[in-house]
Amino acid sequence: MTDTPSQPRDPGTDDPLVTFRGKTPYDDYIHASVLSSLQQPLTEDPHEMVFLVTTQVMELWFTLVVHEWRAARDALVKDDHESAMGALRRSISAHHALNDSLGPIARMTPAQFNGFRAAFGAASGFQSAKYRQLEFLLGDKSRSLMNPQRDDPRAYAELEELLNQPSLYDETLVYLHRRGLPVPEHVLERDVSAPYEADPEVEEVWRRVYAGPQNDPLLDLGEALTDIAELVMRWRGDHLLATRRAMGAKAGSGGSSGVAWLEKRAARPVFPEIWTARGHV
């Protein structure tokens, strides 16, 4: 933090410090002035500022969710159940905020969206490197979806690392195995760079957890993952609806099919056996 000593004040007053040399300690720490300088509309349309701020806020929430999921995954590797649960619970709060952040643009009309859409050219949300990290941590891996970052060495390297590492769900299953549950070897030894596919033997593992003692810490883990999966599915659905509302069935700006592509992505399962096991309890 930059050294910004204040001017002397009367020690008997309760007034906060209000005079600093240079930036305030708040700005030094939060970098609010940097954040406020990042909105650079390319048109005079008032809705473009709404779109920019909302999208940038969502990127910040992606960053926090990714941070917490990595922390939870790494804690499970160490058999640190308490720390893993703490990170998962924090991520759930963050994901609620992420989902709510769609609000300012969720009801944008086609005319309002068209007022600035041409300005961002080929830019598209599917190019978000941080959101791709989020999906990789869920186990939804795809090397082809890293292509937008191919000429960005840092972003590509971060995605490459997550592609080749076990996902949060992979490490959860390894953790369940260490706790004595019969997670099959072919799942434990799978190629973690490939998308996770549902397995009936993993479904049976979760059935045992959910049919067992209701105070089992592993059931709490399953419920935290269920909360996350539900929030991810709601995010995908709300994003799809906001896009359909703003642009209908038009092609996406980044070359995708737009709503049709989002529909396909929204249908992808999240921690599938946690859901299907419920039908057998």
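Conventions used here
- Residues numbered from 1 in each chain as written.
- Predicted model: local features only at pLDDT ≥ 70, side-chain atom pairs only at ≥ 80, totals over all residues.
- Heavy atoms only, no water.
- Helix = DSSP H or I, 4+ residues; strand = E, 2+ residues; numbered from the N terminus.
- Buried < 20%, exposed > 50% of the residue type's maximum accessible area, 1.4 Å probe, protein only.
- Areas by Shrake-Rupley, 256 points an atom, 1.4 Å probe, with all protein chains shown as cover.
- Lys, Arg positive; Asp, Glu negative; His and termini not counted.
- Charge placed at Lys NZ, Arg CZ, Asp CG, Glu CD.
- Expected span 1.5 Å × (residues − 1).
- Axes fitted to C-alpha atoms, helices over the stretch in contact; angles between N-to-C directions.
- Parallel < 35°, antiparallel > 145°, perpendicular 65-115°, else oblique.
- Contact = heavy atoms within 4.5 Å.
- Phe/Tyr/Trp six-rings, centres within 6.5 Å; stacked < 30°, edge-to-face > 60°.
- Lys NZ or Arg CZ within 6 Å of the ring centre and 35° of its normal.
- Salt bridge = Lys/Arg side-chain N within 4 Å of Asp/Glu carboxyl O.
- Core = buried A, V, L, I, M, F, W, Y, C linked by side-chain atoms within 4.5 Å.
- Left-handed = near helix turned anticlockwise from the far one by under 90°.
- Nonpolar A, V, L, I, M, F, W, Y, C, P; charged D, E, K, R; others polar.

### Looking at the overall build of the protein chain
A count of helices and strands for the protein chain gives 14 helices and 0 strands. When each of the 281 residues of the protein chain is scored for burial, the buried share is 39%. Counting only carbon and sulfur atoms, one obtains 55% of the accessible surface of the protein chain, whose full area is about 14,900 Å². Of the charged side chains in the protein chain, 30 are positive and 41 negative, and the gap between their average positions amounts to 4 Å.

### Let's talk about unusual backbone geometry
Despite not being glycine, Asp79 has its phi angle at roughly 60 degrees, a positive value. The topology assignment puts Asp79 in the loop between α3 (46-77) and α4 (81-100). On the basis of relative accessibility, which here comes to 43%, the residue Asp79 falls in the partly exposed class. Here the phi dihedral of Phe271 falls at roughly 50 degrees; this positive angle occurs in a residue that is not glycine.

### Things to note about helix α12 (residues 217-247)
For α12, with 31 residues, the first-to-last C-alpha span of 45 Å sits near the 45 Å given by 1.5 Å per residue. Positive backbone phi, approximately 60 degrees, marks Gly248, located one or two places after α12.

### Things to note about the packing of α3 against helix α6 (residues 110-117)
The N-to-C vectors of α3 and α6 enclose an angle of 85 degrees; their axes lie 8 Å apart at closest approach. Relative to α6, α3 is oriented roughly perpendicular. Facing α3, whose interface residues are His47, Glu48 and Phe51, α6 presents Gln112, Phe113 and Phe116.

### Structural notes on the packing of aromatic side chains
Following the criterion strictly, the structure yields 13 aromatic pairs and no others. Pairing Tyr131 with Trp235 gives two aromatic rings, centres 6.4 Å apart and planes at 50 degrees, and the pair type is tilted. Residue Tyr131 is located in helix α7 (residues 129-138), and its partner Trp235 is located in helix α12; the two are separated by 104 residues in the primary sequence. Each residue in the set Phe51, Phe113, Phe116 and Phe120 is aromatic and connected to the rest through ring pairs, giving one cluster. For Arg278, the ring lying beneath its charged end belongs to Trp275, and the centroid distance is 5.6 Å.

### A word on the pattern of salt bridges
By the definition in use, this model includes 19 salt bridges. Across the pair Arg190 and Asp170 runs a salt bridge whose closest N-O atoms are separated by 2.9 Å. Taken as a pair, Arg190 in the loop between α10 (185-188) and α11 (200-211) and Asp170 in helix α9 (residues 168-178) lie far apart in primary sequence, 20 residues in all. Given a relative accessible area of 6%, Asp170 falls into the buried group. Here the salt bridges share partners, and the residues they tie into one network are Arg132, Glu135, Asp140, Arg236, Arg265 and Arg268.

### Comments concerning the side chain of Glu68
Among the structural elements, Glu68 can be located in helix α3. Judged by its relative accessible area of 6%, Glu68 is buried. If we ignore the near neighbours within four places in the chain, the residues touching Glu68 are Ala87, Arg90 and Ser91.

### Topic: α4
Taking 1.5 Å as the rise per residue, α4 with 20 residues should run 28 Å; its terminal C-alpha atoms sit 29 Å apart, in good agreement. What α4 keeps buried is the set His81, Ala84, Met85, Gly86, Ala87, Leu88, Ser91, Ile92, Ala94, His95, Leu98 and Asn99. Along its buried surface, α4 packs onto α3, α9 and α12.

### Observations regarding the nonpolar core
Core analysis: the biggest nonpolar cluster contains 60 residues, and Trp69, Leu88, Tyr169, Leu173, Trp206, Leu225 and Phe271 have the highest contact counts within it. Elements represented by at least two residues in this core include exactly α3, α4, α6, α7, α8 (153-164), α9, α11 and α12. Those residues within four positions of Leu88 in sequence are excluded, and the remaining contacts are Trp69, Ala72, Leu168, Leu221, Ala224, Leu225 and Ile228.

### Considering the environment of His280
For His280, the position within the fold is in the segment after α14 (272-276). Through-space distance from the C-alpha of His280 to that of Ala211 is 8.7 Å; in sequence the pair is 69 residues apart. Beyond its immediate chain neighbours, meaning those up to four positions away, His280 contacts Glu203 and Arg207.

### Some words on the packing of α3 against α4
Where α3 contacts α4, the two axes come as close as 8 Å, and the packing angle between them is 165 degrees. In terms of orientation, α3 lies roughly antiparallel with respect to α4. The crossing of α3 and α4 is left-handed. In contact with Met58, Trp61, Phe62, Leu64, Val65, Glu68, Trp69, Ala71, Ala72, Ala75 and Leu76 of α3, α4 contributes Ser83, Ala84, Ala87, Leu88, Arg90, Ser91, Ala94, His95, Ala97 and Leu98. Here the contact of α3 with α4 is composed, by residue class, of 16 nonpolar, 3 polar and 2 charged.

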